[in-house]
Amino acid sequence: MTKVTTLGQFIIEKQADFPYAKGELSRLLRDVGIAAKIVNREVNKAGLVNILGDTGTTNVQGEGQKKLDVYADEQFISALSSGGECCVVASEEHDECVSIKSEISRNAKYIVCIDPLDGSSNTDVNVSVGTIFSIYRRTAADGPVQLEEILQEGTKQVAAGYVIYGSSTMLVYTTGKGVNGFTLDPSIGEFCLSHPNMRIPKNGTIYSINEGNYVKFPQGVKDYIKYCQVEDKATSRPFTSRYIGSMAADIHRTLIKGGIFLYPTTSSHPDGKLRLMYECNPMAFIVEQAGGKATDGSGRILEIHPEHLHQRTPIFIGSTEMVDKVEEFFQAVDVAVPIPVTAAG
Ligand code: AHG
Ligand code: MN
Ligand code: MN
């Protein structure tokens with residue numbers, strides 16, 4: 001009989017990787033898994049109940065907020081509050097960070113940054129959405145958490161993950177020792193290890209970008225897109241274009257099949273659109289841990305020093321060789337030397 005490993009069992013087994021740990025991080029990850037199951041139940045019912053549509057409020061980004069965003073945000077904050085390991089949550093849905101005030105969280109050591117529902121505009125068309133999270137340790141021993149403790153570089157993450165509510169529901173996470181994926185078996189209500197030690201292919205043939213914004217892209221990105229579209233047998237071009245519009249889902253495909261996901265600066269979003277703390281950093285940590293690469297066009301996403309909770313950044317993430325190629329196109333624009341688009345030149 002095949003042995004099934006549940007998320008809970010796996011987390012406990014892996015605790016041995018951190019001899020200094022007392023199980024707090026394991027409990028925190030378990031709490032995230034519990035909230036993910038509750039959100040999954042609601043996402044699955046979204047077409048049935050009158051839960052879709054705007055609440056009439058906007059979030060801190062000034063974007064329309066769907067009811068499921070609010071629901072997911074409440075569920076994750078509630079699970080993290082009752083777990084006792086998290087002292088503060090920085091969520092896409094809150095202007096300021098949310099301090100956890102429960103008595104059991106008084107000495108909590110962990111900070112969670114979260115996009116509770118990613119790709120929320122896809123909920124009313126039954127397309128995959130996700131949750132993206134990032135976990136840091138407090139830098140101070142005790143006392144009220146200061147903003148500087150939350151604004152840590154991505155290299156300081158102790159864990160990160162995402163949940164994808166798709167044709168099946170999966171939770172994928174890393175604690176800095178590789179990446180593992182778990183699929184929810186609805187019949188037993190458990191996430192089961194289905195994708196152990198995930199590795200992203202070094203190269204790929206899929207590019208993923210909102211090409212409708214083409215005229216607004218920097219020249220290096222325009223040149224790279226044209227490169228993807230040129231016929232060249234040696235490099236299997238033209239590449240395939242795939243764009244779901246939920247970062248979690250687009251990155252999940254990229255992780256499994258190889259490829260590149262791009263959200264560059266645009267003339268209307270001069271700092272990029274995606275958020276560093278709860279979208280780009282966790283995904284960069286996961287993709288690097290799987291053997292891939294994530295940059296903002298000039299440097300590593302994980303080394304950006306954050307100045308604001310809701311800071312945005314351009315991102316180029318995926319198979320190492322494809323991300324390297326985009327960087328080449330950026331550099332070519334800087335030095336005004338065009339790159340040949342076919343292998344023969
Ligand atoms: P969210 O629903 O959390 O605001 O995130 C949406 C994000 C991300 O998931 C996706 O990659 C991107 O926005 C899509 O943006 P465009 O519609 O501009 O392509
Ligand atoms: Mn998002
Ligand atoms: Mn969101």
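A short tour of the structure in this document, coming up. For every chain, the first residue of the written sequence is number 1, and numbering continues from 1 onward in sequence order. Here the convention is simple: chains get letters from A, ligands get numbers from 1, in the order in which they are written. Residue-level local features of this predicted model are given only where pLDDT is at least 70; pairs of side-chain atoms are given and counted only at 80 or more, and the full residue set underlies all totals for whole chains, interfaces and linings. Excluding hydrogens and water, the side-chain values take into account all heavy atoms of the structure.

## What to know about the overall build of the chain
When its secondary structure is counted, the chain shows eight helices and 15 strands. Counting only C-alpha atoms and orienting by the principal axes, one finds that the chain spans roughly 65 × 50 × 45 Å. Relative accessible area decides the class of each residue, using a 1.4 Å probe on protein chains only: under 20% of the type maximum gives buried, over 50% gives exposed, and in between gives partly exposed. Here the chain holds 345 residues, and the buried ones make up 54% of them. Using a 1.4 Å probe, accessible areas were evaluated by the Shrake-Rupley method; residue-level cover was limited to the displayed protein chains. Only carbon and sulfur atoms are counted for the fraction: they give 51% of the accessible area of the chain, which is about 15300 Å². Distance between charge centres in the chain, computed from 33 positive and 41 negative side chains, equals 5 Å. Under the scheme used here, helices are H or I runs from DSSP no shorter than 4 residues and strands are E runs no shorter than 2 residues, and both carry numbers assigned from the N terminus. Positive residues here are Lys and Arg, negative ones are Asp and Glu, while His and the chain termini are left out of the count. To locate a charge, take atom NZ for lysine, CZ for arginine, CG for aspartate or CD for glutamate.

## Some points on the sheet that holds strand β6 (residues 129-137)
Spatially, the eight strands line up as an open sheet ordered β4-β3-β5-β6-β7-β8-β9-β10, and their pairing is mixed. Each having just a single partner strand, β4 (98-99) and β10 (190-195) make up the two edges of the open sheet. Here the rule is simple: two strands pair whenever DSSP picks up at least two bridges between them. Across seven bridges, strand β5 (residues 110-118) lies against β6 in antiparallel orientation. Of the residues in β6, the one forming a bridge with Tyr110 is Arg137. Strands β8 (169-174), β9 (179-185) and β10 of the sheet are contacted by helix α1 (residues 7-14), whose axis makes an angle of about 5° with β8. Contacts are residue-level and defined by heavy atoms, with any inter-residue pair within 4.5 Å sufficient. For helices, the fitted axis covers only the stretch in contact; all axes are lines through C-alpha atoms, and the angles between them, taken along N-to-C directions, range from 0 to 180 degrees. On the sheet, helix α6 (residues 247-257) packs against β5, β6, β7 (159-165), β8 and β10 and is oriented at approximately 105° with respect to β7.

## Observations concerning the packing of aromatic side chains
Ring pairs (aromatic) are described by centroid distance and by the angle formed between their planes. Ring geometry is summarised as follows: Phe, Tyr and Trp rings, the Trp one being its six-membered ring, pair when their centres sit within 6.5 Å, and such pairs are stacked at plane angles under 30 degrees, edge-to-face over 60 and tilted between the two. One pass over the structure, following the stated rule, counts nine aromatic pairs. Relative to Phe329, the ring of Tyr224 lies with its centre 5.9 Å away and its plane at 70°, an arrangement referred to as edge-to-face. Here the residue Tyr224 occupies a position in helix α5 (residues 219-229), and Phe329 occupies one in helix α8 (residues 320-335), the gap between them amounting to 105 residues. On the basis of relative accessibility, which here comes to 1%, the residue Tyr224 falls in the buried class. Between Tyr227 and Phe329, the aromatic rings sit 5.4 Å apart at their centres with planes inclined by 55°, giving tilted as the arrangement. A residue pair is termed long-range when its members are at least 10 positions apart, and Tyr227 in helix α5 and Phe329 in helix α8 qualify at 102 residues. Taken together, the aromatic side chains of Tyr224, Tyr227, Phe239 and Phe329 make up a single cluster linked through ring pairs. Throughout this description, the term charge over a ring refers to an Arg CZ or Lys NZ atom that lies within 6 Å of the ring centre and within 35 degrees of the ring normal. Cation over ring: Arg237 sits above Tyr227, and NZ or CZ is 3.7 Å from the ring centre.

## Quick notes on the coordination of the manganese ion (ligand 2)
The protein atoms that coordinate the manganese ion (ligand 2) are Asp115 (OD), Asp118 (OD) and Glu279 (OE), at distances of 1.8 to 2.2 Å. The two metals, the manganese ion (ligand 2) and the manganese ion (ligand 3), are separated by 3.8 Å and share Asp115 as a common coordinating residue. A residue pair is termed long-range when its members are at least 10 positions apart, and Asp115 in strand β5 and Glu279 in helix α7 (residues 276-289) qualify at 164 residues. Residue class for Asp115 comes out buried when judged on its relative accessible area of 0%. Given the relative accessible area of 2%, Glu279 is considered buried. Metal donors were taken as nitrogen, oxygen and sulfur atoms no farther than 2.8 Å from the ion, or 3.2 Å where the ion is Na, K or Ca. Water is excluded, so coordination may look unfinished.

## Topic: the site of ligand 1
Near, as used in this document, describes a residue that has one of its heavy atoms within 4 Å of the molecule or strand being considered. Looking at ligand 1, there are 17 residues lining it, with Asp118, Asn210, Tyr243, Met247 and Tyr263 nearest. Here Glu279 contributes a side-chain N or O atom positioned 3.5 Å from an oxygen atom of ligand 1. When contributions to the shell around ligand 1 are tallied by element, the ones reaching two or more residues are β5 and β13 (260-263). Tallying contributions element by element places β5 first for the shell around ligand 1, with three residues. Of the residues belonging to the shell around ligand 1, the class tally is six nonpolar, five polar and six charged. Residue-level mapping places the shell around ligand 1 at the junction of two domains, with at least three residues from each of domain 1 (7-195) and domain 2 (206-334). Within 3.5 Å is the distance limit for a polar contact, defined as a pair of N or O atoms, with the added protein rule that one can donate a hydrogen and the other accept it, and that residues adjacent in sequence qualify only through two side-chain atoms. The nonpolar class holds Ala, Val, Leu, Ile, Met, Phe, Trp, Tyr, Cys and Pro. Asp, Glu, Lys and Arg form the charged class, and all remaining residues, Gly among them, are polar. Domain boundaries shown here were taken from an automatic or database domain assignment.

## Thoughts on the packing of α6 against α7
When two helices pack together, their arrangement is given by the angle between the helix axes and the distance between those axes. Between α6 and α7, whose axes approach to 12 Å, the crossing angle comes to 15°. Considered as vectors, α6 and α7 are oriented roughly parallel to each other. In the crossing of α6 with α7, the sense of the turn from one axis to the other is right-handed. Across the interface between the two elements, Met247, Ala248, Ile251 and Leu255 of α6 pack against Glu279, Cys280, Met283, Ile286 and Val287 of α7. For the contact of α6 with α7, the per-class residue count stands at eight nonpolar, no polar and one charged. For this classification, under 35 degrees means roughly parallel, over 145 means roughly antiparallel, 65 to 115 means roughly perpendicular, and everything else is oblique. For a crossing to be left-handed, the near helix must be turned anticlockwise from the far one by less than a right angle; the clockwise case is right-handed.

## Re the side chain of Asp115
Although Asp115 is buried, it makes no salt bridge; Arg275 carries the closest opposite charge, 5.0 Å away. When neighbours within four sequence positions are excluded, Asp115 is seen to be in contact with Glu92, Gly130, Thr131, Ile132, Tyr278 and Glu279. Definition used for salt bridges: Asp or Glu carboxyl oxygen within 4 Å of a side-chain nitrogen of Lys or Arg.

## Description of the sheet that holds strand β15 (residues 315-318)
With mixed pairing, the five strands of this open sheet are ordered in space as β12-β11-β13-β15-β14. Whereas interior strands pair on both sides, the edge strands pair on one side only; in this sheet they are β12 (240-241) and β14 (293-295). With four bridges joining them, β13 and β15 adopt antiparallel strand pairing. Bridge pairing in β15 places Phe261 opposite Ile317.

The quantities given are spatial measurements derived from coordinates; they are silent on function.
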